[in-house]
Amino acid sequence: MPEITREEVRHLADLARIDLSDAELDHLAPQLAVILDSIRSISDVAADDIPPTSHPLPLTNVFREDVARPGLTAEEALSGAPQVEDHRFAVPRILGEE
Amino acid sequence: MSDLVRRTAADLADALAAGETTSVELTEAHLDRIAAVDGDVHAFLHVDREGALEQARASDERRAAGRPAGPLDGVPVAVKDVLATKGLPTTCGSKILEGWVPPYDATLVTRLREAGLPILGKTNMDEFAMGSSTEHSAYGPTHNPWDLDRIPGGSGGGSAAAVAAFEAPLAIGTDTGGSIRQPGAVTGTVGVKPTYGGVSRYGLVALANSLDQAGPVTRTVLDAALLHEVIGGHDPLDSTSVDQPVPPVVEAARQGAAGDMKGVRIGVVKELTGEGYQHGVQARFDESVQLLVDAGAEVVEVSCPSFVHALAAYYLILPSEASSNLAKFDAMRYGLRVYPEGVEDPSAEEVMRATRDAGFGDEVKRRIILGTYALSSGYYDAYYGQAQKVRTLIGRDFASAFESADVLVSPTAPTTAFKLGEKLDDPVAMYLNDIATIPANLAGVPGLSVPSGLADEDALPTGFQVLAPALADDRLYRVGAALEAALLDRWGGPLLDKAPALAEKETVR
């Protein structure tokens with residue numbers, strides 16, 4: 001199993017959409033390496049024929065009657081938004097210039 | 001301090017029913033106690049004096065009209081800040097949700113309101129319930145009422161400290177890897193994680209969906225059972241909610257308190273005792289097992305060999321689920337929005353990166369990155385896939401152990417409360433606190449922690465954990481109440497009577 005490098009942590013943070021400063025990378029990268037080291041043992045514990053468990057109790061699809069139910073009003077849905085404009089969520093630009 | 005605040009919730013319910021006190025009187029007594037001691041304890045992130053008193057007045061009116069909503073109508077409660085409360089700030093201990101006021105109630109909160117319990121406020125917690133000490137709260141740690149320099153456990157340290165400091169007779173916690181039980185152990189209080197799906201998760205801000213479970217935080221086993229009955233049961237708004245009646249937990253607590261353990265088989269889990277457990281924790285555990293034997297229980301040793309891998313499996317499954325869950329904090333629809341410095345006309349993605357850097361604390365970042373790693377292609381099979389298989393093995397260990405025992409027991413936490421700051425930058429040492437509580441979450445089985453005494457070496461509380469098969473939550477209460485009764489008899493009163501008195505600040509209302 002490969003070690004986790006500082007560059008890899010930077011890449012993972014990028015995938016997770018977190019800007020990490022150099023100071024944060026210095027702080028977090030070695031800690032992550034230690035954590036990974038402590039859980040590494042798991043990679044050869046279970047045999048191939050063991051089925052995975054995603055959920056502690058057996059689950060089945062749950063359906064309900066297709067009837068209208070009260071939900072949040074637009075005001076309520078927008079009540080926690082950082083910015084609202086014309087009764088909508090106002091967000092920064094999504095596309096670049098090019 | 002008013003005598004009212006030291007009484008149990010069951011006692012207060014009786015006093016209300018007998019007309020000896022009013023909900024307004026006892027809600028005020030608890031609000032006064034919060035004002036007097038919470039500056040030092042910091043169990044609460046938000047106190048709702050006006051709202052609680054209004055609910056108390058409504059409760060008194062129901063009682064006066066002869067129509068109480070239930071046995072606990074009028075007994076106040078504190079709610080962990082991870083549960084959505086309409087009109088009350090809900091931060092999950094994070095800067096990213098500072099000032100957020102949910103437009104809806106969690107189902108559990110709706111049930112508290114319908115049962116007439118005034119909500120005193122919201123309790124402190126590790127950010128998004130990630131931690132075992134509340135030190136990862138963005139709003140500062142909670143202090144253990146037994147020693148203000150020590151941790152109250154986590155993530156629900158606020159709820160546990162609130163009941164231990166007599167700021168609330170009842171509180172709600174949530175338990176993903178031990179966040180109800182471990183704080184119970186280190187504060188000398190009772191905490192119960194019900195069977196997965198036993199209490200609705202609707203409105204509970206998810207840490208790890210397949211592990212999270214809300215439950216009662218109290219000072220006695222009977223109080224926990226009474227609260228469990230209020231919050232438990234099927235909820236169509238949660239597709240993982242168990243569609244079965246709440247097990248007869250109150251009846252079981254009363255039966256257990258009578259003290260007869262004949263015919264009950266207690267399994268001591270070999271892998272959860274001995275090495276790694278502090279001497280005083282182990283000593284109180286061994287004595288507690290003996291007390292149950294004296295009460296007629298039969299003891300067997302059981303082995304759960306896969307439990308040694310539970311911690312590793314947990315620290316892969318939890319970050320994986322958490323990293324997906326926390327993707328919703330994108331700075332667009334609710335919560336914090338931070339613009340990156342020195343960037344003109346930043347994109348939504350740049351705003352999201354800057355916000356998540358500013359809004360999340362270290363532990364949240366560590367776990368998001370770890371989860372992102374475990375789920376990335378190339379590592380998925382080696383990590384997340386293996387962890388899910390270990391989860392199967394742990395479930396099998398439980399199934400086979402429950403063939404020879406009705407309940408399993410262990411110390412709740414390996415040590416007593418440690419000093420604030422001691423393990424803050426040593427994540428692996430911090431994670432080891434949950435070594436005995438995590439298997440129950442992975443398998444979905446219920447667990448309870450009940451105080452077992454004080455460790456000789458530091459005079460701090462220790463906890464005794466009881467685990468039962470899924471949906472057999474009543475067994476926890478029977479065994480927990482029997483041990484509690486035997487220990488109370490030995491001590492001559494509640495363990496919390498031995499806690500040092502907190503300095504009370506003079507308050508003017």
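Just so it is clear, the structure is predicted and the values come from calculations on it, not from any experiment.

The rules we used
Residues numbered from 1 in each chain as written. Chains lettered and ligands numbered in written order. Predicted model: local features only at pLDDT ≥ 70, side-chain atom pairs only at ≥ 80, totals over all residues. Heavy atoms only, no water. Helix = DSSP H or I, 4+ residues; strand = E, 2+ residues; numbered from the N terminus. Rg over C-alpha atoms; globule rule 2.2 N^0.38 Å. Buried < 20%, exposed > 50% of the residue type's maximum accessible area, 1.4 Å probe, protein only. Contact = heavy atoms within 4.5 Å. Areas by Shrake-Rupley, 256 points an atom, 1.4 Å probe, with all protein chains shown as cover. Lys, Arg positive; Asp, Glu negative; His and termini not counted. Charge placed at Lys NZ, Arg CZ, Asp CG, Glu CD. Salt bridge = Lys/Arg side-chain N within 4 Å of Asp/Glu carboxyl O. Buried area = accessible area lost by both parts, 1.4 Å probe. Polar contact = N/O pair within 3.5 Å; in protein donor to acceptor, adjacent residues only side chain to side chain.

**Student:** Tell me what's going on with the overall build of chain A, and back it up with residues and numbers.
**Tutor:** In terms of helices and strands, chain A carries three helices and two strands. Scanning chain A from its N terminus toward the C terminus, one meets helices and strands in the order α-α-α-β-β. Here the C-alpha radius of gyration of chain A, 23 Å, is well above what a compact globule of 98 residues would show, namely 13 Å. Burial status across chain A gives 32% buried among its 98 residues. Long-range contacts, defined as pairs at least 24 residues apart, comprise 23% of the intrachain contacts of chain A with a sequence gap of at least 6. Of the accessible surface of chain A, which amounts to about 6800 Å², a share of 53% is contributed by carbon and sulfur atoms. Treating the 8 positive side-chain charges of chain A as one cloud and the 20 negative ones as another, the clouds have centres 4 Å apart.

**Student:** Any details on the pattern of salt bridges? Residues and values, ideally.
**Tutor:** Taken as a whole and assessed by the stated rule, the structure comprises 30 salt bridges over all chains. Between Arg7 of chain B and Asp11 of chain B there is a salt bridge; the shortest N-O distance is 3.5 Å. For Asp11 of chain B, a relative accessible area of 34% translates into the label partly exposed. Note that Arg181 of chain B and Asp175 of chain B form a salt bridge whose closest N and O atoms lie 2.9 Å from each other. Residues joined in a network through salt bridges with shared partners are Arg6, Glu7, Arg10, Asp22 and Asp26 of chain A.

**Student:** Quick rundown of the interface of chain A and chain B? Include the residues and the values.
**Tutor:** Taken together, the contacts link 57 residues of chain A with 65 residues of chain B. For the pair chain A and chain B, the summed buried area comes to about 5300 Å², and 65% of that belongs to carbon and sulfur atoms. Area buried by chain A at its contact with chain B is led by Arg17, Ile42 and Arg93 of chain A, which between them contribute 13% of it. At the surface where chain A touches chain B, the tally comes to five salt bridges. Notably, a salt bridge pairs Lys86 of chain B with Glu76 of chain A, separated by 3.9 Å at the nearest N-O pair. For the pair chain A and chain B, the number of links is 22 residue pairs in polar contact (both at pLDDT 80 or more). Sorting the residues of the side of chain A that touches chain B by element identifies α1 (6-15) and α2 (22-39) of chain A as the ones contributing at least two each. The element that contributes the greatest number of residues to the side of chain A that touches chain B is α2 of chain A, accounting for ten residues.

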